[in-house]
Amino acid sequence: MTHLPEAEWRRWPELVRVVSALSADGGAVRYVGGAVRDTLLGLSVADVDLATPLRPDAVTARLEATGMKAVPTGIAHGTITAVSGGRPFEITTLRRDIATDGRRATVAFADDWRDDAARRDFTINALYADPVSGEIFDWFAGMDDLQAGTVRFIGDADARIAEDHLRILRYYRFAARFGQGPVDAASHAAVVAARHSLRTLSRERVADELLKLCALPSPLAVIEQMADDGVLAEILPEADRGGLQRLAKLLNNEAIVAAPANALRRLAALLPSSAAADSASARLRLSRRQREHLLALTDDGKDALAMPVHGLAYRIGREAAMDRWLMAARADQLPAALDALDGWQRPQLPVKGGALVARGLTAGPMVARTLRQIEAQWIEAGFPDGAAFETLVDQALRDAAQ
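Below is a summary of the structure that appears in this document. As the structure is a prediction and not an experimental result, all values here were calculated from the model. (Residues numbered from 1 in each chain as written. Predicted model: local features only at pLDDT ≥ 70, side-chain atom pairs only at ≥ 80, totals over all residues. Heavy atoms only, no water.)

**Structural notes on the sheet that holds strand 1 (residues 30-32)**
As a reminder of what qualifies: Two strands qualify as a pair provided DSSP detects at least 2 bridges between them. Secondary structure elements are defined from DSSP: runs of H or I of at least 4 residues count as helices, runs of E of at least 2 residues count as strands, and each element is numbered from the N terminus. In what follows, a contact means two residues having at least one pair of non-hydrogen atoms within 4.5 Å. Axes here refer to lines fitted to C-alpha atoms; in helices the fit is confined to the stretch in contact. Angles between the N-to-C directions go from 0 to 180 degrees.
With mixed pairing, the seven strands of this open sheet are ordered in space as 3-4-5-2-1-8-9. At either end of the open sheet lies a strand with only one pairing partner, and these are strand 3 (69-74) and strand 9 (136-137). Along the sheet face, helix 1 (residues 13-23) touches strand 1, strand 2 (49-52), strand 4 (79-84) and strand 5 (87-93) and points at about 30 degrees away from the line of strand 5. Against the sheet, helix 3 (residues 56-65) engages strand 2, strand 3, strand 4 and strand 5, with an angle of about 10 degrees to strand 4.

Structure representation (structure tokens):
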């Protein structure tokens, strides 16, 4: 009998309160999924999910009777979110699938823990643990797979994918995070064979999985595998083979300066142009902010690093400028550039159109053209002020008068 190691999260007062409410008077509850898996691997745990044979109305009643908030976040699938001390915990009634169509499932509540485990995706995610004794329940050799670094579907891989096509992308994401040894041949063959079914998924779900994958510490090998398998082309047809080289360079630069992982920056590395970034943003339904950032990082392959570092930051923003340097700079160029950008604030052009008109420039299109000239020279000169800036303005006005 294997037991869950002691961990700080198991003593959270907010969690203990939820467990006590659900286990009182003959109730039953177990930890499930990521918290169990990650604790066995010695990883930190931020979220804890719980499973129980109690029906959602009974879960709600028990939570509210002890002063906790019960939010019906997924009531059709038996999920209630308990809010205890400001911390959320997902509680799901044991289930078994009645019907699936690759995007959603119709479920029936169940009383058998193994039935509930059997409907999950991978063996390493179907681990349950008793909150009191710590005893681990593992019906599908998930602990063996966890130790071997193998991502394997529960039961028949084709059937698991047919239940939810998003599991194809989850397979690659979990392989990037937990895979160590040889892949499970049946699981890998199944995701490759079913890759075209990804087209039936909502764009938002695909984008969410893709960005989660890109945010992992070392996603390159798995993204290369996705390209070889034809999966990357299904979800990101704008990517080219050169994108893998750009991503490799970016990851190397990130490691050199210990830059935190950034999913959008890594996605940008896979895209060859601003047109590709625009297309990918629209198809994945990224937010306006995400789209604008991707466009700033691709910019049709222009050599943005040829301009002064602060000039680039002025034009595309400090964060985007840092990302451009991480994506394209030589390793020896990075430290100085990133130091220069650290804490830098975008200055305001010290003159406006009205001031130019007051100095004799005729109102109209010439004012805007002259302002653009002044701004360009001001950026190139390193944002001077005082007499040096006045010299720029005087010269621009003389040029306009000719």
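**Side note on the pattern of salt bridges**
The test is simple: A carboxyl oxygen of Asp or Glu within 4 Å of a side-chain nitrogen of Lys or Arg is what we treat as a salt bridge. Relative accessibility under 20% of the residue-type maximum defines a buried residue, over 50% an exposed one, and the middle range a partly exposed one, all with a 1.4 Å probe and only protein chains included.
Counted according to the given criterion, the structure contains 26 salt bridges. Residue Arg 152 pairs with Asp 145 through a salt bridge whose shortest N-O separation is 2.8 Å. For Arg 288, the salt bridge goes to Glu 292, with nearest N and O atoms at 3.1 Å. Residue Arg 288 and its partner Glu 292 are both found in helix 15 (residues 288-298); the two are separated by four residues, about one turn of the helix. Take Arg 288: its relative accessible area is 67%, and that puts it in the exposed class. Through salt bridges with shared partners, one network takes in Glu 254, Arg 265, Arg 266 and Asp 323.

**A closer look at the packing of aromatic side chains**
What counts here: In this analysis, rings of Phe, Tyr and Trp, with Trp reduced to its six-membered ring, are considered paired at centre separations within 6.5 Å, and the interplanar angle assigns stacked below 30 degrees, edge-to-face beyond 60, and tilted for intermediate values.
Inspection of every chain in the model, using the stated rule, returns 15 aromatic pairs. Taking the centre distance of 5.5 Å and the plane angle of 50 degrees together, the rings of Phe 122 and Phe 174 count as tilted. You can see Phe 122 sitting in the loop between helix 4 (113-118) and strand 8 (128-129) and its partner Phe 174 sitting in helix 7 (residues 167-178), a full 52 residues away along the chain. Phe 174 sits in the buried class, given a relative accessible area of 6%.

**Structural notes on the pairing of strand 4**
Of all the six residues making up strand 4, five are buried; the element is thus mostly covered by neighbouring parts of the structure. Pairing of strand 3 with strand 4, which is carried by four bridges, proceeds in the antiparallel orientation. For Lys 69, the partnering residue across the bridge sits in strand 4 and is Val 83. Counting the residues that bridge the hairpin from strand 3 to strand 4 gives four residues, and of these Gly 78 lies at a positive phi of roughly 80 degrees. Note that strand 4 and strand 5 share six bridges and pair antiparallel. Bridged to Ala 82 within strand 5 is Phe 89. The hairpin turn running from strand 4 into strand 5, its antiparallel successor, is two residues long, and Gly 85 in that turn takes a positive phi close to 60 degrees.

**Brief notes about unusual backbone geometry**
Residue Asp 25 is not a glycine yet carries a positive backbone phi of 55 degrees. Its location among the elements puts Asp 25 in the loop between helix 1 and strand 1. The phi torsion at Ala 141 lies on the positive side, around 60 degrees, for a residue other than glycine. By secondary structure assignment, the location of Ala 141 is in the loop between strand 9 and helix 5 (142-148). For Ala 141, a relative accessible area of 31% puts it in the partly exposed group.

**Quick notes on the nonpolar core**
The test is simple: We define a nonpolar core as any set of buried Ala, Val, Leu, Ile, Met, Phe, Trp, Tyr and Cys residues linked to one another through side-chain atoms lying within 4.5 Å.
Ranked by size, the top nonpolar core spans 119 residues in total, and within it Trp 9, Tyr 31, Val 48, Leu 50 and Leu 236 carry the most contacts. For this core, the element with the highest residue contribution is helix 7, accounting for eight residues. Ignoring any residue separated from it by four or fewer positions in sequence, one finds Val 48 in contact with Trp 9, Trp 12, Leu 15, Tyr 31, Ala 35, Phe 89 and Glu 90. By size, the runner-up hydrophobic cluster in this structure holds ten residues, among which are Trp 113, Ala 117, Ala 126 and Tyr 128.

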